[in-house]
Structures are given as structure tokens and as C-alpha cells.
Amino acid sequence: MARLSALIRLRFRLDLRAILRARERGLGLLLVLPGLLLFSLAASAFVFFGVRSFEGQWPEELLPLLSAAATLLGAFWALSPVLTGVALSETHDVGRLLHFPIPPATLVASSLLSNLAQPAVLAELPVVLALALAVSESWAALPLVIFGILLSFAFILASSHAVGLLLHGIARNRRFQDIALSLGLAVSFLISLLPFLLLAGGAGPLLRVVHLLGATDAFAASPFAWGVRAAVHAGRGELVSFVAFGAAGAVAILAVVAGSALLTQRIYRGELSLSPPMDPARSRARMVFRGGLGALLEKDLRLAWREPALKAMLFMGLLGPLVFLVILSQTSGLGRSGGGLLLLATFTGASSIGANVFGLERRGIGSLLGFPVARWRVLVAKNLSLAILRLPGLLALGLVGSFLAPLHYLPAAGTLALVTLLIALAADNYLSILFPTPVPGAGQNPHGGAAAGVRGLGGALLGAGLFAATLLVASPFAFLAWLPLLLGVPGLWWASLPLALAGATAVYAMLVAGAASLMSRREPEMIERILGEW
Amino acid sequence: MSDSQGASGQAPADAIVVRGLSKRFRDKAAVDDISFRVQRGRFFGFLGPNGAGKSTTIKMLTGLLRPTAGGAEIEGLSLARDLLAIKGLIGVLPEDLPLYERLTGEEYLHFAGRMYGLSPQETRQRSDELLEFLSLADDRGKLIVDYSQGMKKKTALAAALIHNPRVLFLDEPLNGIDPISGRVVMDLLLRLAQKGVTLFFTSHVLDVVERLCDEVAVIHHGRIVAQGTLEQIRAHREVAEDASLEDVFLKLVAADVKRDDLSWLA
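Enquirer: Which residues make up the overall build of chain A, and what values do they have?
Expert: Per the secondary structure count, chain A includes 22 helices and zero strands. When burial is assessed residue by residue, chain A has 42% of its 534 residues classed as buried.

Enquirer: For the overall build of chain B, give the residues involved together with the corresponding values.
Expert: Assigned secondary structure in chain B consists of nine helices and ten strands. Taking the principal axes of its C-alpha atoms as reference, chain B extends roughly 60 × 50 × 40 Å. For chain B, buried positions account for 48% of its 266 residues. Nonlocal contacts in chain B, meaning residues at least 24 apart in sequence, comprise 70% of its contacts between residues at least 6 apart.

Enquirer: Break down the interface of chain A and chain B for me, with residues and values.
Expert: Many authors give the size of an interface as the accessible area that is lost as the parts come together. Across the boundary between the two partners, chain A contributes 31 residues, which contact 36 residues of chain B. Those elements that place two or more of their residues in the side of chain A that touches chain B are α14 (291–306), α18 (364–368) and α22 (493–531) of chain A. The dominant element in the side of chain A that touches chain B, judged by the number of residues it contributes, is α14 of chain A, at six residues. Its residues assigned to classes, the side of chain A that touches chain B comprises 13 nonpolar, six polar and twelve charged.

Enquirer: So, the nonpolar core: which residues are in play, and what are the values?
Expert: Val419 and Ile423 of chain A together with Ile74, Phe169, Leu199 and Phe200 of chain B are the most contacted members of the largest nonpolar core, which has 146 residues in total. Examining the composition of this core, we find that 15 residues originate from one element, helix α20 (residues 410–434) of chain A, more than from any other. Not counting the four nearest positions on each side in its chain, phenylalanine 200 of chain B is found in contact with Ile16, Val38, Phe44, Phe46, Val167, Leu168, Phe169 and Leu170 of chain B. With 49 residues, the next largest nonpolar core counts Ala162, Trp226, Ala234 and Val256 of chain A among its residues.

Enquirer: Give me the lowdown on helix α3 (residues 62–78) of chain A, citing residues and values where you can.
Expert: All names here are of chain A. An ideal rise of 1.5 Å per residue puts 24 Å on 17 residues; α3 measures up with 24 Å between its terminal C-alpha atoms. Among the 17 residues that make up α3, twelve are buried, leaving the element largely enclosed by the rest of the structure. Within α3, the full set of buried residues consists of Leu62, Leu63, Pro64, Leu65, Leu66, Ser67, Ala68, Ala70, Thr71, Gly74, Trp77 and Ala78.

Enquirer: Can you lay out the environment of serine 55 of chain B for me, pointing to particular residues and giving the numbers?
Expert: All names here are of chain B. Relative to the helices and strands, serine 55 resides in helix α1 (residues 54–61). Each C-alpha atom of the pair serine 55 and histidine 220 lies 12 Å from the other, and the pair is 165 residues apart in sequence. Among all residues touching serine 55, those that are not within four sequence positions of it are Glu95 and Asp171.

Enquirer: Please provide a residue-by-residue account of the sheet that holds strand β2 (residues 28–39) of chain B, values included.
Expert: Residues and elements named next belong to chain B. Taken together, four strands build an open sheet; the order of strands is β2-β1-β4-β5 and the sheet is antiparallel. The sheet terminates laterally at β2 and β5 (77–78), the two strands that pair on one side only. For strand β1 (residues 14–25) and strand β4 (residues 69–74), the ladder comprises five bridges, and the chain directions are antiparallel. What sits directly across from valine 17, in β4, is glutamate 73. Packing of α1 onto the sheet brings it into contact with β1, β2 and β4, and relative to β1 it is tilted by some 115°.

Enquirer: Which residues make up the packing of helix α19 (residues 375–404) of chain A against α22 of chain A, and what values go with them?
Expert: All names here are of chain A. Relative orientation of the contacting elements α19 and α22 amounts to 120°, with a least axis distance of 8 Å. Taken together, the axes of α19 and α22 lie oblique to each other. Remark: the crossing between α19 and α22 carries right-handed chirality. Residue-level inspection shows Arg375, Trp376, Leu379 and Val380 of α19 in contact with α22, the latter providing Val512, Ala513, Ala515, Ala516, Met519 and Ser520. Of the residues belonging to the contact of α19 with α22, the class tally is eight nonpolar, one polar and one charged.

Enquirer: How would you summarise unusual backbone geometry if you had to cite specific residues and measurements?
Expert: Not every positive phi belongs to a glycine, and aspartate 33 of chain B is a case in point at roughly 55°. Looking at the secondary structure, you find aspartate 33 of chain B in strand β2.

Enquirer: Quick one: what's the story with the pairing of β4 of chain B, residue by residue and with numbers?
Expert: Residue and element names in this part refer to chain B. Summarising the sheet, β4 and β5 pair through two bridges and their orientation is antiparallel. The residue bridging glutamate 73 from the neighbouring strand is serine 78, located in β5. Between the antiparallel neighbours β4 and β5 lie two residues, among them glutamate 75 with a positive phi of about 50°.

Enquirer: Just give me the short version of the pairing of β2 of chain B, but keep the residues and values in it.
Expert: Residues and elements named next belong to chain B. Note that β1 and β2 share eight bridges and pair antiparallel. Opposite aspartate 14, over in β2, you have glutamine 39 as the bridge partner. Hairpin geometry of β1 and β2 is characterised by an intervening segment of two residues between the two adjacent antiparallel strands and by a positive phi of about 55° at arginine 26.

Enquirer: Would you mind going over the sheet that holds strand β6 (residues 90–93) of chain B in detail, with residue names and values included?
Expert: Residue and element names in this part refer to chain B. In spatial order, the strands read β6-β7-β8-β3-β9-β10; together these six strands make up an open sheet with mixed pairing. One side of each edge strand has no neighbouring strand; the edge strands of this open sheet are β6 and β10 (223–228). Each strand of the sheet is rotated relative to its neighbour by a mean of 15°, with strand direction disregarded. Taken together, the four bridges between strand β3 (residues 43–47) and strand β9 (residues 215–220) define a ladder with parallel strand orientation. Looking across to β9, one finds that leucine 47 is bridged to valine 218. Across the face of the sheet, helix α5 (residues 149–161) comes into contact with β6 and β7 (167–171) while running at roughly 175° to β6.

Enquirer: Outline the packing of helix α17 (residues 339–350) of chain A against α19 of chain A, supporting the account with residue identities and numerical values.
Expert: Residue and element names in this part refer to chain A. It is at 11 Å that the axes of α17 and α19 come closest, and there the two elements cross at 175°. When the interaxial angle is binned, α17 and α19 end up roughly antiparallel. Across the interface between the two elements, Leu341, Leu344, Ala345 and Thr348 of α17 pack against Gly393, Leu394, Leu397, Gly401 and Leu404 of α19. Among the residues making up the contact of α17 with α19, the classes are represented as six nonpolar, three polar and no charged.

Enquirer: I'd like a rundown of the confidence of the model for chain B, residues and numbers included.
Expert: Residues and elements named next belong to chain B. The share of residues in chain B with pLDDT of 70 or more is 93%, and the mean pLDDT across the chain is 87. Ranking the elements of chain B by mean pLDDT puts helix α8 (residues 230–237) last with 80 and β7 first with 95. In this model residues 1–8 is a low-confidence stretch, pLDDT under 50, and it forms 22 contacts with partners more than four residues away in sequence or in other chains. In the model output, the complex is listed with pTM 0.72 alongside ipTM 0.78.

Enquirer: Which residues make up the environment of leucine 296 of chain A, and what values go with them?
Expert: Residues and elements named next belong to chain A. One can find leucine 296 in helix α14. Looking at leucine 296, the number of C-beta atoms within 10 Å reads 25, which means it is buried. When the C-alpha positions of leucine 296 and glycine 414 are compared, they lie 27 Å apart, and in sequence the two are 118 residues distant. Once residues within four sequence positions are removed from consideration, leucine 296 is found in contact with Arg377, Val378 and Ala381.

Enquirer: How would you explain the confidence of the model for chain A if you had to name every residue and give the values?
Expert: Detailed reading of the predicted coordinates is not advisable wherever pLDDT falls low. Residue and element names in this part refer to chain A. Averaged over every residue, the pLDDT of chain A is 78; the share at 70 or more is 76%. Low pLDDT, under 50, characterises residues 85–92; the predicted model gives this stretch 35 contacts beyond four residues in sequence or across chains. Here residues 446–454 is a poorly scored stretch, pLDDT under 50, and it has 24 contacts once near neighbours within four places are set aside; other chains count.

Enquirer: An account of the environment of arginine 375 of chain A is needed here, citing residue identities and associated values.
Expert: All names here are of chain A. Turning to its location among the elements, arginine 375 is positioned in helix α19. Here the alpha-carbon distance between arginine 375 and proline 524, two residues 149 residues apart in the chain, equals 14 Å. When residues no more than four places from it in sequence are discounted, the contact partners of arginine 375 are Ala516, Met519 and Ser520.

Rules used throughout
Residues numbered from 1 in each chain as written. Chains lettered and ligands numbered in written order. Predicted model: local features only at pLDDT ≥ 70, side-chain atom pairs only at ≥ 80, totals over all residues. Helix = DSSP H or I, 4+ residues; strand = E, 2+ residues; numbered from the N terminus. Buried ≥ 20, exposed ≤ 12 C-beta atoms within 10 Å, placed from the backbone. Contact = placed C-beta atoms within 7 Å. Nonpolar A, V, L, I, M, F, W, Y, C, P; charged D, E, K, R; others polar. Core = buried A, V, L, I, M, F, W, Y, C linked by C-beta atoms within 7 Å. Expected span 1.5 Å × (residues − 1). Pairing = 2+ DSSP bridges. Axes fitted to C-alpha atoms, helices over the stretch in contact; angles between N-to-C directions. Parallel < 35°, antiparallel > 145°, perpendicular 65-115°, else oblique. Left-handed = near helix turned anticlockwise from the far one by under 90°. pLDDT = per-residue confidence, 0-100.

Laid out in C-alpha cells, this is it:
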């Protein structure tokens, strides 16, 4: 017990210190808390009235629906380190504690108990209470209902912890971890598309899904749902079912905690061998592009292809405009008139603000800035690689456009996207230099060490300012691209589009020259901020 | 001589000149008003206990950290004004090995060669030789993230050498390297010194420093407490003529170390 309380105190002290030692982080927390509270209250109201209304209309389908919801929520929460590339709830860094004579079960329990006080967990408690009030038919049953829902919640947290530990074991092999993260990010992206697809299809498919769930009750076997099912039975006064599901839920929690303790032990002893064989030696290296600029560009492209999170960004850029296709196809006027496409092109280009190209270098920044290569080359290479990574998205946008708008809008849309992209990339250099944000490695806690949003507020304000400035600076060139449409003389494009591109390129060159000069003065500060520990 | 861009005019006698260099982190002076000179072609050992300011000094001299006060010249070029030119003349092996871990060892060397302005043919030839010389050839195609710590250190050293620098800054170059590779690296460093390359070297392995270095400076609590050849320091500090560098070092920096026994061992 002494070890358990010492571990929990250690975790709270570290969390508190992380906030107190960085004023910006404390300020960020203060800004986030009201939002989190509002979200929590809104979600609670939605859950309370939603469940009450659903039970009134389809009382038999409430259990299957809540079981499915608990399972989906639990699966997302537990798989968060895989699905989002970072852990939603921080756990103790097991690697630092395993050499102490702490029983693995104590280690696991301390992590679980510490997680209960995390803001993301606390924000769920009003939702838990709202759900309990919604499903409880009498005040007397309320304690049992709350107990049941908390069982599900505890199982979700315990599962999240077990997945974190499993990833810790997988992380011993870099290739396996890359594959796991790539797959997870792909699944995550597909899940994020589901609401769009459901919205595009209207209420019909959604109701069919609900009725199918009701008919099959497929999630009754999910341990995530057992606690919630126990709560619903308690609310209806069905004590035998409450005891059965409650006991099953408690056993499931104990099983997961025991599994986590076993995983901890096996990781410590190096027995968790999930490793495929090491890489065979690859073929000889060959740099394809010429010159210093080419080498910088090639380095960035190779790194992007080999880093799961960056590779995922590439594919999301490709698929993103297809989502817009679904949305725009639902809006008859704007999309099909071509105006929507031009707006989409403008914002696709301008959305390069916030690329944080130097923060993404992580430890490599010390190497990059140690080379005697002209800084404008570094900036241009960074911009080029980012533009190349966004190219699939722009091509997909063209594809979308060809379905949506009259074909003669495509040259203007392409030019607008390029013009805003050029100016946004140049402007973003200033943000990347002045406010580089350290990026955590894949699967790492985003709030740990130097990775926390230090001076994030200044960066966010500058980013918003640069976005507005980009639109402002790009507007004359956008107007040139738009002019033939306004005048109804498509032939004018032969003159106006090259002129718009030339003008944007000139602005780009001027902005990059200024950014290179700024960078040469700010290099030590950039390195200090990205590496953090100096 | 370096293949990279260099200082114009006659080469100065001193490769490194440091004047009143200081670095403060909030209230703490990590480096406090240090001054010293290193002649060209010297093997210069920079010693000190943990946290004394060695790595901070190297980071300032290589342009990775801005001094709070003071300045320095490398090969006659001002650190404040000619940083980019200086980066072409020096090679750096930092303690924290800032490598691109998702490149292979060979790709990283090719990248480094191109960044130093070498032609593709030169880069390929030199990286082949360096990979062979440092016993990395068999692992040239593996990603650096899959390398051991020693292999990473050798890769960073190869990248620091690929452009044949005039001045080499080496922060703990032998840490984590096996004894065979350690010997190879030491022999290489001695050859470089004989060829006129200036080496600025930090290490905790004092017998290696004693064997390799022509001159040493000892930094303690951010201040230089001794500088010169070992003989000069011995004479100045009044230690026995046959005293080792370790004896001298302990006399210089360990005076304030408490030696009370642990109570539970009594």
C-alpha cells in the first residue's frame, strides 16, 4: 500500500509540475477547462434526453444500443494509442519503474488509479451520472445503476492500459510498431469518415443500423457492455440480471488487470517477443535528386514515406477531398455552380498554414542546422516537399471538381489552389521559425516533456493572423484567376492564369528571402525550443 | 585542409579563440566568462565533471546555442557573423546524436556529403570508405533507428568527417563504442591531428585524454580552472611530476566532494 500511494503521489506531482513549470501550459489548461466542462455538460444533456426519448420509443432496443455504444466508445478509448498515434490517457512510463522491486499488480493499479484524476476521465463523470439518471426508474436503484456504469468505465480504462502495455512490447521492434500505427491510423481515418457517409445517406441507413442492432443484440457479448447492461437491469429492478452482468463486468476488469500485470512482467523480462526478424541489409543507397536542394527534398520525402504518421497524412490528403465530394454533392447550388469548387480550392491551398516543418524534424533539427547550406534552400526544400505531399490531395480535388462543376472551372480552381498554396507555404515559414512545436514520436504521450504546447497561444494567434494575411495577399491573384469567369470570357485565362501564378511566385520569393534572413538570426532559439532540454 | 568553404586570407595561428564566453539558463550560469585559445593542429581536451559546462560550450562554439555574453572565432571567422561559413569548416559529433533515424546509415552519409557541398561521386566514395573503416559496411542498408548506440555514434562521426573538416568538435566520442572500434577511432583522430586538423575533444576517460591530447582545459562550475599541457598544469598546481591526469583532475575539481561514509555502511 505504501508503494501504491507513493506511485500515485509521484504521478500527481509530475503532472502538477508539468503545469507549474510552463506558464503557457497552465494557461492552455485554463483555456481548455471551460470548453471541456461545456462539452461534458452538453454531452450529459444529449445522453440524458437521448436515452429517455429512445427508451420511450423503442424500449426493447435500448440495451442493444447502449451495448453497442459502450463497445464502440471503449474500443476507441482503449485503442487510442494505435488509432490516433498518441495515447489519450497517460500511464506511468513502465520502463523507468520496472527495475524497482514493485509488484507488477501494484504498478498497474497505481496507473489505473492515477488515470481516474485525468481531465479527460473527469469530464466523463457527468455523462456517467446523466446516463445513470436516464436509465434509472427509481431513486432507490440509482446507486446500483451508477455502480454498473462505473464498471463499464473501469473496464474501458483497464483495457486502455493493457493496450498501452502491449504497444510498449511491440515498440521493442520498430517495424512491428510502424505497421501497427499505420494500420491503426488507417482504421481511425475510415472511422472518421463514417459520420459523413451516414449524413450523406440521411436518417434511413442510420435507423436500419439501429434496428439491426436491436434484432441481433450482437454486442451483448462485449465486456465493455456488461457494466452498462447491469446498470440498465438495475434501473428496471431486474436484480438477478444486474448481479449476473455486474459480476461478469467485475471479473472482466480483474482479468484485464491481471493480464496487464502479466504483460508488465513479461516486458520486464524481455519475454514479450513479438519481433519479426530484423531488416535484411537493403540495396545500396542512391540519391535521385541533384544538388543541395535536391538532397534536402529527397531526405524529407524519404522520411515522410518511412514515418507512419507522415505517411498517413499523405493518404488522408488524398482521401480528404473525396469527403468534400460527398458533402458538396449534397448541396445542389454552390457545388454545382463552380463557386463552391473555387472556394474549396482556395482553402485547400491556404490550409498549409501550421505545417510546423521544423518541429517535425524532432532531433534531426540539430543535424539539419549544423550543415553549411544556404537557409533559403532549406526553406524551399521544406516547402517543396510539403507541396508534393499535398499534391495527391490537389489531384483528388481536381477529380472531385470534374464531377461537380463545369469543366471550364478546373483551370481557375487549379490556379487558385496553387496560388494560395505558394503564399501559404511562404507565410508558414515564419510560423515554423518563430513557433516551432516539438512533435512527440509516434505512440508517445503528447503532453510529455518538451512536446507540450509550449507558447502554443502565441503560435495559434500568429497562425490565425498568417491565414488571414495569406488570403489577403493571395486575393489579387485569386481575382485574376476569377476574372475570366466574372467577365464570361474563358479565353482570357490564357493571360490571367500565368499572370496570377507569376505574381504569386514573386511574392513567394520575397517572403522566403525574408524568412531565410529571420531563420539565420533565430537558429539557436529554434533548436532550443525543439530540443527543449537545454 | 578542408574541402569546404574557408576563411579568406592567411590562416590564423589559432584555430579556436574564445573570449569571455558565457551562457546563463535563467539564474544558473552554465558557462561563466571563459576564455581560451587552441592552436591549429592541436589535440585539445576539454574536461570537467558532469554538468560543468562542456557540452554547452561545444554547442555555443558550433552555433547550436546562442551565448549570453562573449564570443568566439573559429579559423579566424567570427561566430556571430560568419556562422554558415564556420559550419562548412568544422565537423561536429554532438553528445545527443541528432541523426535522421528513418534514413539508412549510407543514405545519411550521402545526405551529409551533399549538404557539405561534395559532388555525388566524392560523396559516394568517401561514404564507402568511412563505412568500411568504421565497420558499418554490413549494416549500411539498415535504418539508423535499428542501429545500436555505438553504431549511431560511428555514423555521426562518419558524417562529421566526410567533408574533411579543419576543426573537429567531439563530445564524448568514445562513449558506447566497443573497444575495437574505440581503438580504430582513436588512431583515426591521431592521424587527423598529425595532418593538421584541430580537435576539440571532451571525454570522461582520462587516460585516453592523457594519451591523445596535447593540451587540456578543465572546466568546473562553468569556469576554466586550469589550462595548458599536462606538465604545465602539474607545475602550476604543485602535484607530483609523475601524477596522472586523473590525479590532477581530482585535485582540481574534487576538492568540494564530500567523502563522509554512508551511515548504514558503518
